[in-house]
Every structure is written in structure tokens, then in C-alpha cells.
Amino acid sequence: MAQLRIPGPTPCPDEVLRAMAKQMVNHRGPEFGKIMNSVTAKLKTVFQTKNDLFLLTGSGTGGMEAAIVNTLSPGDKVLAVAIGVFGDRFATIAQTFGAKVTPLKVEWGKAADPEDIRRALKFEPDIKAVLVTHNETSTGVMNDLGAISAIVKEFDKLLLVDAISSMGSVSVPVDDWRCDVVVTGSQKGWMVPPGMAMVSVSEAAWKAHAQARMPRFYWDFAKAKSYLEKGQTPWTPVVSIAFALDVALDMMLKEGIPNVFARHARIASMTREGVKSLGLPLFAEEKHASQTVTSVAGAGGLDIKKLLKIMREEHQIVLSGGQTTLDGKIFRIGHMGWVSEDNIKEVIATLKLVLPQAGFRS
Ligand SMILES: Cc1ncc(COP(=O)(O)O)c(C=O)c1O
């Protein structure tokens, strides 16, 4: 069977696809209101939060922009913890809207050291917010968000989190970790196609919102809140994705959220062991390896582009290459959302077959 094993979009179960084929409803009517309320309540369970939670029509990057423009003003200082492509993107968005960004850059493949964040916050006490990628999809590294949040809150700063590729697959207890804005995207661990960003907003984020002067219109959380009270969104929402998410969340709740997290941890570990058994090195330091995507470094004469091509064309298994400077240097196996042990066994067995054809000599 063909397998899409990239770190989002992920495959979707048939029940989810069928939900998307339903006829349209009035997005200002009671039927859609019921779905919005149902999806929002179920998402709050997965986010482990009592904070406000909004469904925004747009991709994850839109949610990242929303986090920034709703809480900051031009000239505000932010600490941007960047451990890969998406951390850099968060910093760039802040900069684009006029924030003064202090970058905390970490070598790709490694996680941020929370103590470096403490040092940076001590050194620049006027920093207002910290931007963090929980799970850096480009390198396959997961930051220790619990430890980072403890430090950020010790300094009483706002914590804006890109949990786009971890939420729903890994436990991110938003309230316990006092994360102020947390963003995820429908095409990641949710078993749903792209099109929706889901964002939680804390009390402290609302206080920041009242002062924030960056330009915002489409992403304004205040508009999202006032419409949610009527079971609506301010702008026409991506209705079919809401149908799909409602069904996907029921599937996740039926499996049991702790079981969903445990499945991801088990499959991630199995993927790493499988890769090592092939004689290939992991790219990410293993103690901070992502539970939703495994990054594999090139070695032993391996032509990564050729490998991906043969996997795709001859075996219908689609893996991801590296992004920007990692292009041709790593490949990535996505294992988030609708994924089983058998899926990964097939990927590893096929890699074993194809690696010699792509020049690999262990
Ligand atoms: C960690 C992370 N942040 C941000 C994004 C950007 O999300 P989107 O492509 O939905 O805009 C992605 C998507 O790959 C991601 O994995």
C-alpha cells in the first residue's frame, strides 16, 4: 500500500475523508455552531487547557503570525529560540512586524539548553516574550518545553509556542506549563488535511493583547472570541476541515489521549532503532529526538535524492528530504497522526532493500 510518511500532511483515515465529503452547511447556522463547540471542547482536552481556544482558517504559519501580532507591539524585544527552519521562521515573522529580535541560535540537530535561555533573559531584562518551537520538524528535535517554560515564567515573560508538529501526538500540558499562546495545524498529528490552525490563548496573553499594537485584522483574537460566543468564526471558515477534525478527535478520544501519546513514543523509538539497524546515523541528538519525525543523516556514499526517488517511484513510500542547508544531507520519516507499527516496519524493510541501490555501503 502507498504510504505518505512525511511530517505533514499525513494520511487520513477513511472516516475522516468521508466526513469531508458531506454537503456544506450554513457557517452562521446552528449546525455549524454545534460542530465548532464540539471541536473546541475536544481540542481543549488534548491541549490540557482551560484557556480560550480558536479555530483559525489558515495554515500553521498563519497561527504563528496570529500569536505574534496579537501580543506584541513594534519595538518590543523578543527572545527567539531557533533550532531549525521553523524557529527561524518564527523570528522572521516577529521581525517583519517590527519586534526587536534577540536570536538564540542552536546548532541544527541539537535542542536548546534551557540555561542559555535563563542567561539571555538575565542579560536583557526588557525582553517581553520568548518564542519557542516545541518540535522542530526540520531537524527532528524536540525541545524540553517543560524546562523552558519554568524558566520563562520565573522571569514572568510571555511564552509563545509553535507546537504545530507536536500537539496531538505528544503531551503538551498547556496550563501546567503556563504556555501563553500555543499553535498547532490540522495537517500534523490530527489525521486531517491542511487548512486550519488551532491556537490557545492564556489570560496573560489577553493582557498583552490589550496593549499590543502590531497591525492585525484577519487574525485578531478579540474578533475570534466574540464570534466563538455565537458558535461562529469572524470569517468564512474551512468548513470541511471542521467536519473532519470533529470525527478525528472522536477517534483520538476513543483510543484514549494517553494511548495516542504512548503510541507516538513507541513508534518514534521503533523508527530510531530501525534506522540504526540499517547502519544509518540519526541526525538529531537522540535524547532530544522528536516523537513525530525522525531525521536520518547521509553516510556511506548514500545518495539521498536517489533514495527518496526510488522509495517514491518504485515502492510508493514518500519520505521527506532536508530543508534549506540540510537539502541532500538528511532525510526524514514522518510518524505522526495516523501511523502504526506496521507502517514503520514496512518503511524500514523497504529502506533496507533500496539503500544499496542508492549507493549506500554500510
Ligand atoms: C514546527 C513547524 N512550524 C511551522 C510549520 C509551518 O506550518 P504550515 O506549513 O502549516 O504553515 C510547520 C510545518 O511544517 C512545522 O512543522
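In this report, the structure presented in the accompanying data block is examined. (Residues numbered from 1 in each chain as written. Predicted model: local features only at pLDDT ≥ 70, side-chain atom pairs only at ≥ 80, totals over all residues. Heavy atoms only, no water.)

1. Notes on the side chain of S240
- Mapping S240 onto the fold places it in helix α9 (residues 239-255).
- Non-local contacts of S240, meaning those with residues more than four positions away in its chain, are made with M20 and M24. (Helix = DSSP H or I, 4+ residues; strand = E, 2+ residues; numbered from the N terminus. Contact = heavy atoms within 4.5 Å.)

2. Some remarks on the sheet that holds strand β14 (residues 330-334)
- Taken together, 3 strands build an open sheet; the order of strands is β11-β14-β13 and the sheet is antiparallel. At either margin of the open sheet sits one strand with a lone partner, and together these are β11 (293-297) and β13 (320-321).
- Note: β13 against β14, 2 bridges, orientation antiparallel. Looking across to β14, one finds that G321 is bridged to F331. (Pairing = 2+ DSSP bridges.)

3. A few points about the site of the ligand
- Surveying the vicinity of the ligand reveals 14 residues, the closest of which are S59, T61, T137, D162 and K188.
- A distance of 2.5 Å is found between an oxygen atom of the ligand and a side-chain nitrogen or oxygen belonging to S59.
- In the model, an oxygen atom of the ligand is placed 2.8 Å from a nitrogen or oxygen of the G60 main chain.
- Coverage of the ligand by the protein amounts to 88% of the 390 Å² it exposes when considered alone.
- Listed by contribution, the elements that provide at least two residues to the shell around the ligand are α3 (60-69) and α4 (85-96).
- Among the elements that make up the shell around the ligand, the one with the highest residue count is α3 (3 residues). (Near = heavy atom within 4 Å. Polar contact = N/O pair within 3.5 Å; in protein donor to acceptor, adjacent residues only side chain to side chain. Areas by Shrake-Rupley, 256 points an atom, 1.4 Å probe, with all protein chains shown as cover.)

4. What about the packing of helix α11 (residues 304-315) against helix α12 (residues 341-354)?
- Put simply, α11 and α12 touch, their axes get as near as 10 Å, and they point 115° apart. With respect to α12, the axis of α11 lies roughly perpendicular. Of the two elements, α11 crosses α12, and the hand of that crossing is right-handed. Of the residues in α12, those in contact with L307, I310, M311 and H315 of α11 are V347, T350, L351, L353 and V354.
- In terms of residue class, the contact of α11 with α12 is built from 7 nonpolar, 2 polar and no charged. (Axes fitted to C-alpha atoms, helices over the stretch in contact; angles between N-to-C directions. Parallel < 35°, antiparallel > 145°, perpendicular 65-115°, else oblique. Left-handed = near helix turned anticlockwise from the far one by under 90°. Nonpolar A, V, L, I, M, F, W, Y, C, P; charged D, E, K, R; others polar.)

5. With respect to the environment of A111
- Within the secondary structure, A111 sits in the loop between β4 (100-105) and α5 (114-123).
- Assessed through its relative accessible area of 11%, A111 is described here as buried.
- With 33 residues separating them in the primary sequence, A111 and D144 have C-alpha atoms 7.7 Å apart. (Buried < 20%, exposed > 50% of the residue type's maximum accessible area, 1.4 Å probe, protein only.)

6. Structural notes on the packing of aromatic side chains
- Scanning all chains against the criterion turns up 7 aromatic pairs.
- With centroids separated by 6.1 Å and ring planes inclined at 80°, the aromatic side chains of F54 and W206 adopt a geometry described as edge-to-face. With F54 in strand β2 (residues 52-57) and W206 in helix α7 (residues 203-211), this residue pair connects regions lying 152 residues apart in the sequence. Neither residue differs from the other here; F54 and W206 are each classed as buried.
- With 6.0 Å between their ring centres and 15° between their planes, Y218 and W235 make a pair best called stacked. One end of the pair, Y218, is in the loop between α7 and α8 (221-228); the other, W235, is in the loop between α8 and α9, and 17 residues separate them in sequence.
- Taken together, the aromatic side chains of F217, Y218, W219 and W235 make up a single cluster linked through ring pairs.
- When the ring centre of F243 is taken as reference, the NZ or CZ atom of K22 above it lies at 4.2 Å.
- Over the ring of Y227 we find K230, and its NZ or CZ is 4.0 Å from the ring centre. (Phe/Tyr/Trp six-rings, centres within 6.5 Å; stacked < 30°, edge-to-face > 60°. Lys NZ or Arg CZ within 6 Å of the ring centre and 35° of its normal.)

7. Examining the sheet that holds strand β8 (residues 158-162)
- Taken together, the 7 strands give an open sheet; going across it, the order is β2-β10-β9-β8-β5-β3-β4, and neighbouring strands pair in mixed fashion. At either margin of the open sheet sits one strand with a lone partner, and together these are β2 and β4. The sheet shows a mean angle of 20° between the axes of neighbouring strands, direction not considered.
- As paired strands, β8 and strand β9 (residues 181-185) are joined by 3 bridges and run parallel to one another. Bridge assignment links D162 to a residue of β9, and that residue is V183.
- On top of the sheet, α5 reaches β3 (77-82), β4 and β5 (127-133); it is set at about 160° to β3, its chief contact.
- On top of the sheet, α8 reaches β2, β9 and β10 (196-201); it is set at about 105° to β2, its chief contact.

Spatial relationships are all this shows, so hold off on functional conclusions.
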